[in-house]
Amino acid sequence: IMSSGITNGKSVIFEHEGVFIHPSSDENPSEDSLVSGFLRIVDKDAEVFVEFKPVEETVDTSNMLCAGKDSSSVMEWDQCPGEKLLESQHSYETEWDMVNAVSFKKKSCTNGEGTLNHSHEKSRGAFSFALSDLRSIILKEEGWTFLVLKLKESCSSPPALHFHQGGSKEFLESLRRFALLSEVPEDGSCLLVSSPIKALSQSFENLLDDNNFGLIQASELKVLVGPCVFQQKFRKDPYVATLGGFSKVTNYIFDAFRGTEEQHQRPPEEVADLLGEVLPGLEINQQEEPGFEVITRIDLGTRPEVTRTGPLSSEDWSKHQDAEGRMINISRLKQTIFKGGLSHAVRKEAWKFLLGYVPWDSSLEERKIAQRAKTDEYFKMKLQWKSVSEEQERRNSRLRDYRSLIEKDVNRTDRSNHFYEGIDNPGLVLLHDILMTYCMFDFDLGYVQGMSDLLSPILYVMESEVDAFWCFVSFMDQMHQNFEEQMQGMKTQLIQLGTLLRLLDLSFWNYLESQDSGFLYFCFRWLLIRFKRELSFHDVLRLWEVMWTGLPCDNFHLLVCCAILDSEKQKIMEENYGFNEILKHINELSMKLDIEEVLQKAEGICQQIRSCKDLPPSISVILG
């Protein structure tokens, strides 16, 4: 009944022949009127699907390659009802236009979402849907077992599955490997299906998806604790194993478990112990960690008041260039940017310097020469994946997985921003192409969910595929460790943040510890993608350019975290928030933060620490 193998590029997790469906709506049919077929659970392109195919059905239409149009620069576009998309392409990389001649087949689906496939009338009931769309399963007995599967409202549900030859228990057991099936208390025949666990390595989907309040992905846990350990824990106790990924989830995970939680209250200290197992390294007592000494209460003195200024204008930017286009008075320029940011008209040029894409001391002519070389280099890498045939890609699972992840992430990245909104938006095509080309640039890392969030503001500012790519490369050089499989960058930052909080307010830190919140899991998303989901889009631009100046200290983003928590600590302690409430409260700060107030407080904290005479060496190391 159960098998594991590769069929047509899909990993078959479960297969059972002799499952029957009835094409009518009658839920109690005779055996003679049933259609016999194969029932499978498959892992295709890093997503789990349930498929039914009649015995005579041999054509698999689920492997259509889906990709968008292509371009090498931002296009002006317009679309009229009943007419094809009109594109007027403006590109300075004319000799590379051949790269964009590669076309792709498009499949008729809604942004990759699982839908029932009725493309072949002769298939008599063949269907396929993503496990993520399954909402409930009703078990019925009529001399044999049959299951009624209910999908989400936007999808039509498949016909009932009749197990005349057994196999229903094995099917449900296989589903439990990827989703949480829980009985409805008042109806034991109904199983509610919580968000499925997709087999995507290095997945940050629940962490980053604002609209997803479900379970953490199994792959996120596998990355951290290893597949064998996770499988054992999940089968033993799905709630505990899933909750163990709290450090990766900043949405309200408890919503998915509300019923279970009321029935089985689990003490916070037990959950905290799990966090230690899931993020190895964080369970070490930070006060005993090499390089981190015990910090007792230190008088930091009064926090100075600081003021911020307005953004740097185009006129002021020009004043910092000499006759050959070299930047002058760079230290003063960086200080000005740190104190007030940049006007939007300056960003396209200034960000290249701040990110290190172009040297501060380069002349305008030198930058033009370098630009041509970088353009050449970029399109050579782009051609590598553009020229891969379908036959080659069928044998390259890594490239398939990267493409699948990128296409899904691109379709939901900043879609409310005018630069990315609408259907067939060229901005989305550029986002896709840059991320695919980055996979060619960095084979080892490839693509990890969350990286699209880092690219989106850069592309929005640059409005150029080549410039956006190389600026993104520079930004990823800073952020690389956040996305590596061992996540050493995240562990280090969380430990350092804890050290800073102990220095700034030992009583608040002790309170967090008393509520088993010392792992600072609620700050995970802040650090992972640099507050991208916590601030409005334009506030993100302001924050990032301020941080890229490198002022006023190293790891200034950690002081930004401290500033936010400093503003919230009184409410957290006065309201006696516990483990769950702290997570919920911090999550609800998203889009409610005033970036200028946060930056002002963070700078004040930096000056306060800098003026301390007895500063612990560990703090000096963190802040440089």
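Residues numbered from 1 in each chain as written. Predicted model: local features only at pLDDT ≥ 70, side-chain atom pairs only at ≥ 80, totals over all residues. Heavy atoms only, no water.

Focus on the packing of helix α17 (residues 488-504) against helix α18 (residues 506-514)
So, step 1. Here α17 crosses α18 at 130°, and the two axes come no closer than 5 Å. As the angle between them shows, α17 and α18 are arranged oblique. For the pair α17 and α18, the contacting residues are Gly498, Leu501, Arg502 and Leu504 in the first and Leu506, Trp509 and Leu512 in the second.
So, step 2. Residue classes in the contact of α17 with α18 are distributed as five nonpolar, one polar and one charged. (Axes fitted to C-alpha atoms, helices over the stretch in contact; angles between N-to-C directions. Helix = DSSP H or I, 4+ residues; strand = E, 2+ residues; numbered from the N terminus. Parallel < 35°, antiparallel > 145°, perpendicular 65-115°, else oblique. Contact = heavy atoms within 4.5 Å. Nonpolar A, V, L, I, M, F, W, Y, C, P; charged D, E, K, R; others polar.)

Some points on the pattern of salt bridges
So, step 1. For the structure shown, the criterion picks out 28 salt bridges.
So, step 2. The partner of glutamate 47 in a salt bridge is lysine 408, with the nearest N and O atoms 3.4 Å apart. With glutamate 47 in strand β4 (residues 47-54) and lysine 408 in helix α13 (residues 397-410), this residue pair connects regions lying 361 residues apart in the sequence. Judged on exposure class, the residue glutamate 47 and its partner lysine 408 are both buried.
So, step 3. The partner of arginine 403 in a salt bridge is glutamate 393, with the nearest N and O atoms 2.9 Å apart. Of this pair, arginine 403 sits in helix α13 while glutamate 393 sits in helix α12 (residues 390-394); the two residues are 10 residues apart in sequence, bridging distant segments of the chain. For the pair formed by arginine 403 and glutamate 393, the shared burial category is buried.
So, step 4. Within the structure, one salt-bridge network assembled from shared partners comprises Arg303, Asp505, Asp566, Lys569 and Lys601. (Salt bridge = Lys/Arg side-chain N within 4 Å of Asp/Glu carboxyl O. Buried < 20%, exposed > 50% of the residue type's maximum accessible area, 1.4 Å probe, protein only.)

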